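Chains, contacts and geometry: an overview
Chain residues, written in single-letter form:
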Amino acid sequence: MVDVSKWPLFTLLGVHEIASIRQACVFGTSANEAIYITHDDEVYVIGLNCSNCLGTGDSQSTIVPKKLDCLSGKKVVSLSYGSGPHVLLATEDGELYSWGHNGYSQLGNGSTNQGVSPVLVSTNLQNKRITEVACGSHHSMALTTEGEVYAWGYNNCGQVGSGSTANQSTPRKVSNCLLDKAVVHITCGQTSSMAVVHNGEVYGWGYNGNGQLGLGNNGNQLTPCRVAALHGLCVLQIASGYAHSLALTDEGLLYAWGANTYGQLGTGNKINQLSPIHIMAEKERIVEIAACHSTHTSAAKTQNSQVYMWGQCRGQVIILPHLTHFTCTDDVFACFATPSVMWRLLSMEHDDFLTVAESLKKEFDSPETSDLKFRVDGKCIYVHKAVLKIRCEHFRSMFQSHWNEDMKDVIEIDQFSYPVYRSFLEYLYTDNVDLACTSSPTLINAPNRLKRLCQHIIKRGITVENAFFLLAAAVRYDAEDLEEFCFKFCVNHLTEVTKTAAFWQIDGNMLKEFICRAGRCGAFKN
């Protein structure tokens, strides 16, 4: 469950309503509006309703959650909002909805009339499936399954990427340097836009007065321009604040550039950076980044779920990444990935007593409180039946089918090694997995939940040294999604990967297949 209890707006909800929330987004200049999605894919709104941003069909504020019936049952895959505010929402079926402020045609409906309720955006998007949306202050972007980018709305600085500064009232395909390139990720600053293409290159356009495009200068760009300073790096994710940018590479490296008045670049000073600069070099691998428009704040999460913040935090200016007293899950951190005032959750201090999560972690593998133990490779792992039943369908089914009071409290395990199985059980208590254990080919071939989990962790821990080993394991055990991820990583770092021991120790047939496949992808072109 997403913990939204720290925001005053959600104190208006009852206990059952809070428990139903799967995703939530708080926005508005004073955190006075919120959109949340329930576990059964219903979309609710609550708050002041400035510029009809709640989409309820009227301009009335509401302290009682209202359901947006037109979005009922539609699985939301992407949500973003602007300063007006206006709201964009993409569904799993590839539909794009917009509502709210429309003074600059940022809703993409060809007019400047306010959008009082969600309306399907279809102009120039027929037969297109939208996978991601992004909002600037008063402009909008959408990404299709084919890797095409469409932009519209306010264009005073070229943020729509049309080659002019004329506003765009309906979605228009962004081409120029993005022509024939498959874009995989988009983001907007207040009056700037950025995109990551399939090979990890980054492009930016729009306002650049603070260097937020990372081009080495502060001149505006009316069309996409490649961020040359990131050449040789494969960027997976970018995040845009009001006037600064962050980039995360496939090796877990973090780069920052742009405005730095509040220390939001994390460089230890307040000097703007016109080009990307590597930050947090001494920290462990970064796996997620976020930036906030309204508070000039940045955040990063490490592979051990530690969250660092810097910039304008709780009325203070922090010029170096600061470890917060908050451990978050992927679902919670995803809520921060949109520019919102939801950052306050990141800076909540620990209470003097242990939280439920901390208590569970403390009791893992504790003989004093356990009522069940697994014996693996002659070693015992002490657990609690109730925790396993609550956390894992596998154990829930096993206990219901086979468990009774007369059975032994020791279960012998011979399918996995001790480190691997202990890592899995520890995950059920902590939501963390030992990366070294996840690299085991045995785990890649593990049953459903464990397999999915370990493949997810492997993606976060892949390196040049282990990439080909992991690719081989993924091929061997038909882990198609992981295989595709590892293959792309190997191609993006081809020169370095071919120098590793794993590359030259691989089976000849597989090596031949890799070279042929890489060739078909254009890996050996000059």
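For clarity, every value in this text was computed on a predicted model and none was experimentally measured.

1. Observations regarding the environment of proline 65
With respect to the helices and strands, proline 65 occurs in strand β4 (residues 62–67). Look at proline 65 and you get buried, because its relative accessible area is 15%. Filtering out sequence-adjacent residues up to four positions away, proline 65 remains in contact with Leu13, Glu17, Tyr36, Tyr44, Val45 and Ile46.

2. Quick notes on unusual backbone geometry
One can expect most non-glycine residues to show negative phi and most peptide bonds to be in trans. Here the bond from glycine 84 into proline 85 is cis, since omega is 0 degrees, no more than 30 degrees from zero. Examined against the element boundaries, proline 85 turns out to sit in the loop between β5 (76–81) and β6 (86–91). Even without being glycine, aspartate 41 reaches a positive phi, approximately 65 degrees. Within the secondary structure, aspartate 41 sits in the loop between β2 (33–38) and β3 (43–47). On the basis of relative accessible area, aspartate 41 is assigned to the buried category, the value being 9%. We note that aspartate 377 has phi near 55 degrees; this positive angle belongs to a residue other than glycine. Structurally, aspartate 377 is set in the loop between β25 (372–376) and β26 (379–383).

3. Side note on helix α14 (residues 508–520)
Look at α14: 19 Å from first C-alpha to last across 13 residues, which is about the 18 Å you get at 1.5 Å a residue. When we look at burial in α14, the residues that qualify are Met510, Leu511, Phe514, Arg517 and Ala518. Projected onto a plane normal to the axis of α14, the buried residues spread over an arc of 130 degrees and lie on a single side. Facing away from the buried side of α14, by more than 90 degrees, are the exposed residues Asn509, Lys512 and Arg520. The secondary structure elements touched by the buried residues of α14 are α10 (467–476), α11 (480–492), α12 (494–497) and α13 (501–504). Between a side-chain oxygen at the N-terminus of α14 and the backbone nitrogen of asparagine 509 the separation is 3.0 Å; the capping residue is aspartate 507. Positioned one or two residues after α14, glycine 522 has a phi angle of 85 degrees, which is positive.

4. Structural notes on the side chain of serine 192
Along the chain, serine 192 turns up in strand β14 (residues 192–197). Setting aside residues no more than four positions away along its own chain, serine 192 makes contact with His139, Gln159, Trp205, Gly206, Tyr207, Gln212 and Leu213.

5. Focus: the pairing of β6
With respect to burial, β6 is a largely interior element, six of its six residues being buried. A two-sided burial pattern is seen for β6, the buried positions comprising His86, Leu88 and Ala90 on one face and Val87, Leu89 and Thr91 on the other. Two elements, β5 and β6, share five bridges in a ladder whose sense is antiparallel. Residue pairing in the sheet places serine 78 in a bridge with alanine 90 of β6. The turn joining β5 and β6, which pair antiparallel and follow one another in sequence, is formed by four residues. Across five bridges, the pairing between β6 and strand β7 (residues 96–100) is antiparallel. Paired with histidine 86 across the strands is glycine 100, a residue of β7. Here β6 folds back onto β7, and the loop between the two strands holds four residues, one of which, glycine 94, carries a positive phi near 90 degrees.

6. Here we look at the sheet that holds β25
One open sheet accounts for three strands, arranged β26-β25-β27; its pairing is mixed. Each end of this open sheet is capped by a strand with a single partner; those strands are β26 and β27 (410–413). Across the sheet, the axes of successive neighbouring strands diverge by a mean angle of 25 degrees, strand direction being ignored. The pairing of β25 with β26 spans five bridges and is antiparallel. Counterpart to lysine 373 in the pairing with β26 is tyrosine 382. Docked against the sheet, helix α6 (residues 418–430) engages β25, β26 and β27, running at close to 10 degrees with respect to β26.

Analysis parameters
- Residues numbered from 1 in each chain as written.
- Predicted model: local features only at pLDDT ≥ 70, side-chain atom pairs only at ≥ 80, totals over all residues.
- Heavy atoms only, no water.
- Helix = DSSP H or I, 4+ residues; strand = E, 2+ residues; numbered from the N terminus.
- Buried < 20%, exposed > 50% of the residue type's maximum accessible area, 1.4 Å probe, protein only.
- Contact = heavy atoms within 4.5 Å.
- Expected span 1.5 Å × (residues − 1).
- Arc of directions from axis to C-beta.
- Polar contact = N/O pair within 3.5 Å; in protein donor to acceptor, adjacent residues only side chain to side chain.
- Pairing = 2+ DSSP bridges.
- Axes fitted to C-alpha atoms, helices over the stretch in contact; angles between N-to-C directions.

Such coordinate-based values are descriptive only and should not be taken to indicate function.
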